[in-house]
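The chain contents come next:
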Amino acid sequence: MVQSTLPSQSGTASSRFQAVFDHIAAGAINREQNRILAYDAVEELRQSGFTALRIPAELGGQNVSLQETFRLLVKLAAADSNLPQIIRAHFAFVEGERQHLTAAATRPSAIKWLETIQAGAVFGAAMAELGNATETTTTLTHKDGKWYLNGTKYYSTGSIYADWIAVVALHDDKRYRVAVPTTAAGVTRVDDWDGFGQRLTGSGTTLFENVELSEEQIYHILPKDDSPIDRFFTAFYQNFHLATLAGIAQAALRETIEFVRPRTRVFGVPGQSLPREDPLVQAVVGRLSSLAFAAETLVDRVSATLEQASRLREQGLPDTVSQQAELEAFKAQQVIIPLVLEATTSLFEVGGASASSEKRRLDRFWRNARVLASHNPAIKRARELGDWELNGTPLDSSWTTKAKADAQATPHLASV
């Protein structure tokens, strides 16, 4: 088993979950070959307490640090890269509620939601919509003292495995975030994600048809035209993908070693030979090892910066770090994506045609990495990083520019 080269803040946490990761890894190829949705794996994470890693100690939780959490997520991704993506929105929800514990006057529901997760609830999210422009058309209406949710969301990652779904909807020029039970009447979850990788993430369509909600299920309200950009969560979500990619590199190295060690023949060499003693095979494996190390190290750097930003926010102090975390996350993206794509392609150099056997499904590593790499436009981020270095232009400045233009065009919105 390939082990992480990074130190663990909590050896106990790492060792406690390793048996869970090993069991998840043992079923990964079967799930991939037969498209078996990962309900059992998600349930293992729930039962083990993994989904409650970040619940604060005062609420009975483990309060595992953010940096250690990302280290564990790399290990989980090495077991099955679908799993970190499935629970990505869940961990983001926890992080948001943690940061609102210091603002009990404005978000008293934070304790309730964190206690719900500590008791075992898993969250998914339904935020994205399809259309000609980036906008929210899902609506929340208030009638006869009741709230009703209507709309269709796409790329609802993790929601088919969840107990609750975090949804964004509009009502009276405000953007509402609401928590919806997956069992509520009018909620339909469709497993129609058709990507060639990350096939089991449940990133399908969710429909809401006159779903009745209580006031308590509304947990956040913002003016509709406020910028949706939060630099901490931009970096947080991105680092989830980077941790998953780093885990894929670890898995590619692990299964390449497992493939090579027992073999007794190298193509084009007469008689019996041991590939593990072949200098060319050793060079490939050595390169894979270095790529996996580099990816994991970069994730850990971003995680450390996110940890600093998180502590400032939780203490109610000015957040002077999240912009740095965002920059680091997108710089890391530029390096990690090509490294992992190289690793998941070059591993086939060690085994010839036999490495392409569907019994091993070594192709899943490249397919999963390629799909993950497509979730965020790396080429766009490269340009933005260059603009930042040359001109000091903040990342995602287009959102700020649009918000200012909208406010000038309709001045009344500026005072909402």
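Scroll up to find the structure.
Residues numbered from 1 in each chain as written. Predicted model: local features only at pLDDT ≥ 70, side-chain atom pairs only at ≥ 80, totals over all residues. Heavy atoms only, no water.

A. Representation of unusual backbone geometry. Positive phi, normally seen in glycine, also occurs at Asn63, with a value near 50°. Mapped onto the elements of the fold, Asn63 is located in the loop between helix 3 (39-48) and helix 4 (66-79). A positive phi angle, close to 60°, is found at Asp173, a residue other than glycine. For Asp173, the location among the structural elements is in the loop between strand 4 (164-171) and strand 5 (174-181). (Helix = DSSP H or I, 4+ residues; strand = E, 2+ residues; numbered from the N terminus.)

B. Structural view of the pairing of strand 7 (residues 205-213). Relative to strand 7, strand 3 (residues 146-153) runs antiparallel, the two sharing six bridges. From the neighbouring strand, Trp147 faces strand 7, where its bridge partner is Leu213. Pairing geometry for strand 6 (residues 187-190) and strand 7, over four bridges, is antiparallel. Of the residues in strand 7, the one forming a bridge with Thr188 is Leu207. (Pairing = 2+ DSSP bridges.)

C. Fine view of the side chain of Arg254. Mapped onto the secondary structure, Arg254 falls in helix 8 (residues 231-260). A distance of 2.8 Å separates a polar atom in the side chain of Arg254 from the backbone oxygen of Ala78. (Polar contact = N/O pair within 3.5 Å; in protein donor to acceptor, adjacent residues only side chain to side chain.)

D. Helix 8, seen in detail. End to end, helix 8 covers 43 Å across 30 residues, agreeing with the expected 44 Å (1.5 Å per residue, within 8%). Regarding helix 8, its N-cap is Asp230, as a side-chain oxygen of that residue lies 3.0 Å from the backbone nitrogen of Phe232 further along. (Expected span 1.5 Å × (residues − 1).)

E. Region of the structure containing the nonpolar core. In terms of nonpolar packing, the biggest core is built from 75 residues, with Leu45, Phe50, Leu76, Leu83, Phe236 and Leu306 touching the most fellow members. Residue contributions to this core peak at 17 residues, all from helix 8. Dropping the residues within four chain positions of it, Leu83 is found in contact with Ile24, Ala38, Ala41, Val42, Leu45 and Leu76. Counting residues in hydrophobic clusters, the runner-up holds 16 residues, among them Trp147, Ala169, Val180 and Val211. (Core = buried A, V, L, I, M, F, W, Y, C linked by side-chain atoms within 4.5 Å. Buried < 20%, exposed > 50% of the residue type's maximum accessible area, 1.4 Å probe, protein only. Contact = heavy atoms within 4.5 Å.)

F. Summary view of helix 3. Ala41, Val42, Leu45 and Ser48 are the residues of helix 3 that are buried. Burial along helix 3 is one-sided: seen end-on, the buried residues are contained in an arc of 130°. Relative to its buried face, helix 3 has exposed residues pointing more than 90 degrees away, namely Asp40 and Gln47. Looking one or two places after helix 3, you find Gly49, whose phi comes out positive at around 90°. (Arc of directions from axis to C-beta.)

G. Up close: the packing of aromatic side chains. Summed over the entire model, instances satisfying the criterion amount to 22 aromatic pairs. Consider the rings of Phe70 and Phe240, whose centres lie 5.6 Å apart with planes at 70°: the pair is edge-to-face. Of this pair, Phe70 sits in helix 4 while Phe240 sits in helix 8; the two residues are 170 residues apart in sequence, bridging distant segments of the chain. Take Phe70 and Phe240: they sit in the same class, and that class is buried. An aromatic cluster of at least three residues, connected via ring pairs, comprises Phe17, Phe21, Phe50, Phe70, Phe91, Phe232, Phe233, Phe236, Tyr237 and Phe240. The ring of Trp113 has Lys112 lying over it, and the distance from NZ or CZ to the ring centre is 4.0 Å. (Phe/Tyr/Trp six-rings, centres within 6.5 Å; stacked < 30°, edge-to-face > 60°. Lys NZ or Arg CZ within 6 Å of the ring centre and 35° of its normal.)

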